[in-house]
Amino acid sequence: MKEVNNFLTPEECKEIINMIDSNHERSQVVEGGTDRSAVSESRTSSTSNLSPDNPLISRVHQKIADYLGIEKKYGESLQGQLYEVGQYFKPHNDFFSGSAYDKHCKVSGNRTHTFMVYLNDDFEGGGTNFPTLQKTVKAETGKGLWWPNIVDGEFQSQYTHEGVAVKKGKKYII
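How each quantity is defined
Residues numbered from 1 in each chain as written. Predicted model: local features only at pLDDT ≥ 70, side-chain atom pairs only at ≥ 80, totals over all residues. Heavy atoms only, no water. Core = buried A, V, L, I, M, F, W, Y, C linked by side-chain atoms within 4.5 Å. Buried < 20%, exposed > 50% of the residue type's maximum accessible area, 1.4 Å probe, protein only. Helix = DSSP H or I, 4+ residues; strand = E, 2+ residues; numbered from the N terminus. Polar contact = N/O pair within 3.5 Å; in protein donor to acceptor, adjacent residues only side chain to side chain. Contact = heavy atoms within 4.5 Å. Expected span 1.5 Å × (residues − 1). Arc of directions from axis to C-beta. Phe/Tyr/Trp six-rings, centres within 6.5 Å; stacked < 30°, edge-to-face > 60°. Lys NZ or Arg CZ within 6 Å of the ring centre and 35° of its normal. Pairing = 2+ DSSP bridges. Axes fitted to C-alpha atoms, helices over the stretch in contact; angles between N-to-C directions.

Examining the nonpolar core
What tends to happen in soluble globular proteins is that the nonpolar side chains get buried as a cluster. Judged by nonpolar contacts, the single largest core of 21 residues is most densely connected at Leu8, Ile16, Leu50, Val60, Leu119 and Ile174. Of all elements in the fold, only α1 (10-22), α2 (55-68) and β8 (113-117) reach the threshold of two or more residues within this core. With 13 residues, the next largest nonpolar core counts Phe123, Phe130, Leu145 and Val166 among its residues.

A few points about the side chain of Thr160
Along the chain, Thr160 turns up in the loop between β14 (154-155) and β15 (161-163). With a relative accessible area of 16%, Thr160 lands in the buried category. Of the polar contacts made by the side chain of Thr160, one reaches the side chain of Asn93; its length is 3.0 Å. Polar side-chain contacts of Thr160 include one of 2.8 Å to the backbone oxygen of Ser157. Apart from the residues within four sequence positions on either side, Thr160 is in contact with Pro91, His92, Asn93, Asn129, Phe130 and Pro131.

Brief notes about α1
Helix length check: α1 (13 residues) gives 19 Å between terminal C-alpha atoms against 18 Å at 1.5 Å per residue, within 8%. Burial in α1 covers these residues: Cys13, Ile16, Ile17, Met19 and Ile20. In a view along the axis of α1, the buried residues occupy a sector of 160 degrees, so they form one face of it. In α1, the exposed residues that point more than 90 degrees away from the buried face are Glu11 and Ser22.

As for the packing of aromatic side chains
Think of a pair of aromatic rings as described by two things: how far the centres are apart, and how the planes are tilted against each other in angle. Using the criterion set out here, one finds four aromatic pairs in the structure. Of the aromatic side chains, those joined through ring pairs into one cluster are Phe7, Tyr67 and Phe115. Lying over the aromatic face of Phe7, Lys63 brings its terminal NZ or CZ to 4.7 Å of the ring centre. Looking at Lys90, its charged tip hangs above the ring of Tyr88, at a distance of 4.7 Å from the centre.

Section: the side chain of Asn129
Its place among the elements puts Asn129 in strand β10 (residues 128-130). For Asn129, a relative accessible area of 15% puts it in the buried group. Here Thr136 takes part through its side chain, which lies 2.8 Å from a polar atom of the side chain of Asn129. With near-sequence residues (within four places) excluded, Asn129 lies in contact with Lys135, Thr136, Thr160, His161, Glu162 and Val164.

What to know about the sheet that holds β10
Across the sheet, which stays open at both edges, the four strands sit in the order β7-β15-β10-β11 with antiparallel pairing between neighbours. Looking at strand neighbours, the two that pair on one side only are β7 (89-92) and β11 (135-137), the edges of this open sheet. Pairwise comparison of adjacent strand axes, ignoring direction, gives a mean angle of 15 degrees for this sheet. Strand direction decides the pairing type here: β7 and β15, joined by two bridges, are antiparallel. Along β15, the bridge assignment pairs Phe89 with Gly163.

Some words on unusual backbone geometry
The backbone of Asn6 shows a phi angle near 55 degrees, a positive value even though the residue is not glycine. In this model, Gln134 sits at a positive phi of 50 degrees, which is unusual for a non-glycine residue. Tracing the backbone shows Gln134 in the loop between β10 and β11. Judged by its relative accessible area of 74%, Gln134 is exposed.

Things to note about the sheet that holds β8
Ordered in space as β1-β12-β8, the three strands form an open sheet in which the pairing is antiparallel. Only two strands of the sheet have a single neighbouring strand rather than two, namely β1 (2-4) and β8. Here the average twist between neighbouring strands, direction ignored, is 20 degrees. Bridge count between β1 and strand β12 (residues 144-148): three bridges; the pairing is antiparallel. Within the sheet, the bridge partner assigned to Lys2 lies in β12 and is Trp146. Running at roughly 135 degrees to β8, α2 makes contact with β1, β8 and β12 of the sheet.

Next comes the structure, spelled out in structure tokens:
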């Protein structure tokens, strides 16, 4: 896991926050390997699918791809997440396995990396907790956070993580 300070500028973060505020809906999760997503009490945040046609989103996506050393076309479209007071995402991994892999990854492949960016830090609670590593990462505006999900074909389950409930304010990430 690596923290990347000042990955985005405060101005870029504010612009993306405005995009998320203008278009978001209750987050969903993949359950039971079905080809549908479901609303679940394990994840109570809101999600915004950010347009890849937006010049800022396209630049940020390219910057993440360059950082990871992969072609942009292999990355998923960027999503914004909004956590309001009391909202959380219980411990989970970002890779797919078993029947969920069969339903979601046969064409696109699995999630080999996660690169998250904190868009603000003016809230309380809401850290990113890695229980196995006994580490909670605190948000800083513009800070990137990277970890591998799969290395040499092996799942990296030590990176099980959770978005801890926000106690005050709103948390925004991509």
